[in-house]
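A structural walkthrough
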Amino acid sequence: MGKETNYLLEFTFDTLLNVFNYERVPFMKKYYFCKLMNLVDTRLLKQGVDIGYPEFWYMYGPITDFAIVDGIIDHGFTNRYYPDNENVIYPAQHRRNYDIDLKDRRIIESTIQTIWSKYRFETGDNIKAENYKQNSPYKFNTTFQDFIRVVDNDNQTSTPKEVLISNLLDKLLSEFPQNDLSEIEDFYLEWDDTIRLVLDLKDSKRKMELVKVLKGKFWSTFSKGIRLRVNKNIPDEKLAMWSEEYQKAITQQYKDVERIREAIILEDSEINIEPDEYIVKSLMQTAYHIGI
Amino acid sequence: MNLFLDTNVLLGYTFETDHWNGKSLDVISHRYVKHSSVNVSTEFEHNSQTMIRKIKGMFNRFKREARLSKSKKEIESYLKIEDFEIKCILLDLIQKSGSSNINDIINYVNQYQVAFEKRCLLNVNYLKSIITFHNRKTAHTDIYDLCVLDGFVKEDPADVEIVIDAHDLGQKTNPLYFITGDYGHIVSRKEFIENITSIEKVIYLKHFDLTKVLKKRH
């Protein structure tokens, strides 16, 4: 069976790239293109036009997979719109007749004009912020972007970084979508508790290195769960592959976080009290009896 | 004198408890050479990790609620509703913390969680340092087939592999005493196992008393 060309999608791409970059200047990175497309697609869907744009939410917001789009655009998306594998460009050759409804065509054109007037001077990050404002899957996702920003910022801050991180951890705790992502809840709570343990370390260089490592371990896994839940027009085989990747990531990253935690507990953690032996023993006995 | 330790002995030592007043601790503290197998090690790591995770999970859920609570009373109410196996311990710790401040309570409870984890981890590390884990290379299909006929494989294939591990080791390290807390699958087949393998004796953890074992042997 031959592939079906999606003319609505092709027309949207052509119009968007024509309006935003008629001169074909290589400036539009995949990141920027995907963030813009999210805004366009959101508006189109609200007006009843489904262009069948394949999209999912991942680590830094909405994104598409060009390999999937390749399959629904004549001569492939990458070949036509992404020739240098760096910039999305209005193709030199494009279709004259798209075989789409005139009504849909007008809606797409006017929507892209609106997006252009509103966002043409905005940076990719500002457009991304707009994506999150309009479509963030959960508040948790939005807050985590702040968490990433704080953790990755190596400059001095007026409020100690530990305090900022700790406050964000509390916020994340209240926003975690435990009903929808229950399969990752144990890992998440372990991760949260381990970061807090790391924040108590005295060696600030090691502390921040570990926080960065832990951030990556959780966010890459959680995002795989989000990708599975918040997506559209993604082929079933791809979804099955993502599902497998997600399960593997939970197992692996959970273990990795535990290894980091164990090393801290054995080497660095200080117990400031003399724990009641009877209580510690009771905890161990409970562990044994619920497991056996 | 060589001992081969089954998974339940390692678990008993890790959590410093078992169904027979800590017999696992006696076994581990005994001066004789201790062996086990890679299969046991894998099963032990999985089981001990699951058990530790369950307790950590309860602590973590408690701490999440505590962090989202506004008062000590709210935390206590939450604990009364939740069906935690460590509920009484947590309530006790809240009292022992001697504070109404949520952060103080969390920090105090946290110390116990860390103490629990640390103790288990030290025990696991100690076990790893004193036990030689045998990695069997031979299938021993003759033994395996006899276990199939006996119905042992059908009942617990993982235990069969461990018994064969011990048999493999017993051929080089003799006499080898197999210590286990598993009555249902292993001790109940004591004679069968001793007859078909190189294992000198299967010893039920409950009855572990090496002086008696030695006297009988001589």
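What counts, and at which threshold
Residues numbered from 1 in each chain as written. Chains lettered and ligands numbered in written order. Predicted model: local features only at pLDDT ≥ 70, side-chain atom pairs only at ≥ 80, totals over all residues. Heavy atoms only, no water. Phe/Tyr/Trp six-rings, centres within 6.5 Å; stacked < 30°, edge-to-face > 60°. Buried < 20%, exposed > 50% of the residue type's maximum accessible area, 1.4 Å probe, protein only. Lys NZ or Arg CZ within 6 Å of the ring centre and 35° of its normal. Domains from an automatic or database assignment. Contact = heavy atoms within 4.5 Å. Buried area = accessible area lost by both parts, 1.4 Å probe. Polar contact = N/O pair within 3.5 Å; in protein donor to acceptor, adjacent residues only side chain to side chain. Helix = DSSP H or I, 4+ residues; strand = E, 2+ residues; numbered from the N terminus. Nonpolar A, V, L, I, M, F, W, Y, C, P; charged D, E, K, R; others polar. Salt bridge = Lys/Arg side-chain N within 4 Å of Asp/Glu carboxyl O. Pairing = 2+ DSSP bridges. Right-handed = clockwise from strand over helix to strand, strands pointing away. 1 Å grid on protein atoms, 1.4 Å probe; cavity = no way out; pocket = protein on both sides within 12 Å on 5 of 7 lines; lining within 4 Å. Points joined across faces, edges and corners; volume = space filled by probe spheres on them. Axes fitted to C-alpha atoms, helices over the stretch in contact; angles between N-to-C directions.

The next point concerns the packing of aromatic side chains. Residue and element names in this part refer to chain A. On inspection of all chains with the given rule, the structure shows 41 aromatic pairs over all chains. Ring centres 6.3 Å apart and planes at 65° place the aromatic pair F27 and Y32 in the edge-to-face group. By relative accessible area, F27 is classed as partly exposed at 36%. Judged by its relative accessible area of 11%, Y32 falls in the buried class. Between the aromatic rings of F56 and Y58, the centroid separation amounts to 6.2 Å while the plane-to-plane angle is 75°, which identifies the pairing as edge-to-face. An aromatic cluster of at least three residues, connected via ring pairs, comprises F140, F144, F147, F176, F187, Y188, W191, F218, W219, F222 and Y254. Note that K30 overlies the ring of F66, its terminal NZ or CZ placed 4.7 Å from the centroid.

Residue and element names in this part refer to chain A. Domain parsing of chain A yields domain 1 (7–121) and domain 2 (136–289). On a C-alpha basis, the centroid separation for the pair domain 1 and domain 2 is 35 Å. Facing the 13 residues of domain 1 at the interface are 18 residues of domain 2. Of all residues in domain 1, the largest losses of buried area upon contact with domain 2 belong to W57, Y58 and M59, amounting jointly to 46% of the total for that side. For the pair domain 1 and domain 2, the number of links is 8 residue pairs in polar contact (both at pLDDT 80 or more). Contributing elements (two or more residues each) for the side of domain 1 that touches domain 2: helix 2 (30–46) and strand 1 (55–58). Among the elements that make up the side of domain 1 that touches domain 2, the one with the highest residue count is strand 1 (4 residues). Residues that form the side of domain 1 that touches domain 2 fall into these classes: 9 nonpolar, 1 polar and 3 charged.

For the rest of this paragraph, the subject is the environment of B:D83. All names here are of chain B. The residue D83 is located in the loop between helix 4 (72–81) and helix 5 (87–97) in this model. Overall, D83 belongs to the exposed group, its relative accessible area being 71%. Separated by 68 residues in the primary sequence, D83 and F15 have C-alpha atoms spaced 22 Å apart.

The accessible area lost on association of the parts is a frequent measure of interface size. Counting residues at the interface gives 44 residues for chain B and 43 residues for chain A. The three residues of chain B that bury the most area against chain A are B:R64, B:Q111 and B:Y112, which together make up 16% of that side's buried surface. Summed over the shared surface of chain B and chain A, the number is 11 salt bridges. The residue B:K63 makes a salt bridge to A:D193 at a minimum N-O spacing of 2.7 Å. Sorting the residues of the side of chain B that touches chain A by element identifies helix 1 (7–14), helix 3 (38–68), helix 5 and helix 6 (102–130) of chain B as the ones contributing at least two each. When residues of the side of chain B that touches chain A are assigned to their parent elements, the largest contribution, 16 residues, is made by helix 6 of chain B. Across the side of chain B that touches chain A, the residue classes break down as 18 nonpolar, 11 polar and 15 charged.

This part is about the pairing of strand 5 (residues 201–204) of chain B. Residue and element names in this part refer to chain B. Bridge analysis of strand 4 (residues 176–180) against strand 5 gives 4 bridges, and the strand direction is parallel. From the neighbouring strand, I179 faces strand 5, where its bridge partner is I203. In this view, the connection linking strand 4 to its parallel neighbour strand 5 by way of helix 10 (residues 190–196) has right-handed handedness.

Another point: empty space enclosed by the protein. Taken as a whole and assessed by the stated rule, the structure comprises 1 cavity of 30 Å³ or more. Each pocket or cavity is described by its volume, and for the largest cavity that value is around 40 Å³. Elements supplying a minimum of two residues to the lining of the largest cavity: helix 9 (185–199) of chain A together with helix 3 of chain B. Broken down by element, the residue count for the lining of the largest cavity peaks at 5 residues, all from helix 3 of chain B. Of the residues assigned to the lining of the largest cavity, the class counts are 2 nonpolar, 2 polar and 5 charged.

This brings us to the sheet that holds strand 2 (residues 61–63) of chain A. Residues and elements named next belong to chain A. Spatial strand order, 2-1-3: 3 strands in an open sheet with antiparallel pairing. Both outer strands of the open sheet, strand 2 and strand 3 (231–232), are each paired with one neighbouring strand and no more. Here strand 1 pairs with strand 2 via 3 bridges, running antiparallel. When the bridges of strand 2 are listed, W57 appears paired with P62. Strand contacts of helix 6 (residues 124–135): strand 1 and strand 2, with the helix running at about 100° to strand 1, the strand carrying the most contacts.

With that settled, the discussion passes to the sheet that holds strand 3 (residues 131–134) of chain B. Residue and element names in this part refer to chain B. Read across the sheet, 5 strands follow the order 3-2-1-4-5 without closing on themselves; strand pairing throughout is parallel. At either end of the open sheet lies a strand with only one pairing partner, and these are strand 3 and strand 5. Averaged over all neighbouring strand pairs, the angle between strand axes comes to 30°, with direction disregarded. Bridging between strand 1 (residues 2–5) and strand 4 involves 4 bridges; their strand directions are parallel. Paired with N2 across the two strands is L176, which belongs to strand 4. Lying on the sheet, helix 9 (residues 157–170) is in contact with strand 1, strand 2 (33–37), strand 3 and strand 4; it crosses strand 4 at an angle near 160°.

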